[in-house]
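# What the coordinates show
Take a look at the letters that make up each chain.
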Amino acid sequence: SQELEQSPQSLIVQEGKNLTINCTSSKTLYGLYWYKQKYGEGLIFLMMLQKGGEEKSHEKITAKLDEKKQQSSLHITASQPSHAGIYLCGAAGGADGLTFGKGTHLIIQP
Amino acid sequence: DTAVSQTPKYLVTQMGNDKSIKCEQNLGHDTMYWYKQDSKKFLKIMFSYNNKELIINETVPNRFSPKSPDKAHLNLHINSLELGDSAVYFCASSQRGRAAGELFFGEGSRLTVL
């Protein structure tokens, strides 16, 4: 079965700073999904990457899928308090749903 | 209108009891899921279901059973609750095909077993 490893597990960043979260797969990725979870809430879909080398942006969040399609990175520019939460990468896995990484907890310090 | 709604949001019960969590989606999606998020925030799929097939994660105990009265609902029944069942349970839905990985999640149901 596919496993997704995220790093770092947690991240404390001063407001305004940039940050990067990584997601590495044990197998080739045929679709990589990034989600965000605010504490005490459900997950919100951010973006999907399918093609090697693909890069997508949404507001100040950019995600890339590397050429070999086994790693993705999520980059946040000029972080804000609203960026705080848990970021999870997901890939098509068993049970016909998504398999998720263990998440990266992001805290933004004012 | 909430796209995916779950009830109850909080559930506290004793070991050995049987409980249900309800889920409804108004997005017209054809596939629904149940996920379990443990205390370390690790999210793991339990079931996926559409009107044709139920796919069960093999690690899920048979005390857990999904029931779908119609395409818009997927309820989760849990028998003989155990302490280890304490977690947040998320319902989600998606449309098969190209957007299959874009899941819409409910806000979660926090189950505490005493």
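Each chain has its residues counted from 1, following the order in which its sequence is written. Chain letters start at A and ligand numbers start at 1, both assigned in the order the entries are written. Thresholds applied to this predicted model are a pLDDT of at least 70 for local features of residues and 80 or more for the giving and counting of side-chain atom pairs; totals over whole chains, interfaces and linings are not thresholded and use all residues. With hydrogens and water stripped out, all remaining heavy atoms of the structure feed into the side-chain values.

## A closer look at the interface of chain B and chain A
Our working rule: Only heavy atoms enter the contact rule, under which two residues are in contact if any of them lie within 4.5 Å. Polar contacts, as counted here, are pairs of nitrogen or oxygen atoms within 3.5 Å of one another; within protein the pair requires one atom able to donate a hydrogen and one able to accept it, and residues that are adjacent in sequence qualify only if both atoms are side-chain atoms. Numbered from the N terminus, helices here are DSSP runs of H or I no shorter than four residues, and strands are runs of E no shorter than two.
Taken together, the contact between chain B and chain A spans 19 residues of the former and 20 residues of the latter. Run the count over chain B and chain A and you get 3 residue pairs in polar contact (both at pLDDT 80 or more). Looking at the side of chain B that touches chain A, the elements with two or more residues in it are strand 4 (31–37) and strand 5 (43–50) of chain B.

## Digging into the state of the cysteines
Two cysteines whose sulfur atoms are joined by a covalent bond form what is called a disulfide. Where we set the bar: A pair of cysteine sulfur atoms is labelled a disulfide when the two atoms are within 2.5 Å. Remark: exposure states derive from per-residue accessible area (1.4 Å probe, protein chains only) relative to the maximum for the residue type, with buried under 20%, exposed over 50%, and partly exposed in between.
Following the criterion strictly, the structure yields 2 disulfides over all chains and no others. Disulfide pairing is shown between cysteine 23 of chain A and cysteine 89 of chain A; the S-S distance is 2.0 Å. In this structure the cystine formed by cysteine 23 of chain A and cysteine 89 of chain A twists about its S-S bond by roughly 75°; its chirality is therefore right-handed. One end of the pair, cysteine 23 of chain A, is in strand 3 (residues 19–25); the other, cysteine 89 of chain A, is in strand 9 (residues 85–92), and 66 residues separate them in sequence. Per residue, the accessibility class of cysteine 23 of chain A equals that of cysteine 89 of chain A, and both read buried. A disulfide bridge connects cysteine 23 of chain B with cysteine 91 of chain B, and the sulfur atoms are separated by 1.8 Å. Note on the cysteine 23 of chain B and cysteine 91 of chain B pair: the S-S dihedral is about -75°, so by sign convention the disulfide is left-handed.

## Some words on the sheet that holds strand 8 (residues 75–78) of chain B
Residues and elements named next belong to chain B. Our working definition: Strand pairing requires that DSSP identify at least two bridges connecting the strands. Between N-to-C directions, angles span 0 to 180 degrees; the directions come from axes that are lines fitted to C-alpha atoms, helices contributing only their stretch in contact.
If you walk across this open sheet you meet the 4 strands as 1-3-8-7, and the pairing is antiparallel. The sheet is open, and its two borders are formed by strand 1 (4–7) and strand 7 (64–67), each paired with just one other strand. For this sheet the average axis-to-axis angle between neighbouring strands, irrespective of direction, equals 20°. Of the strand pairs in this sheet, strand 3 (residues 19–25) and strand 8 are connected by 3 bridges, and their pairing is antiparallel. The residue of strand 8 that forms the bridge with serine 20 is histidine 77.

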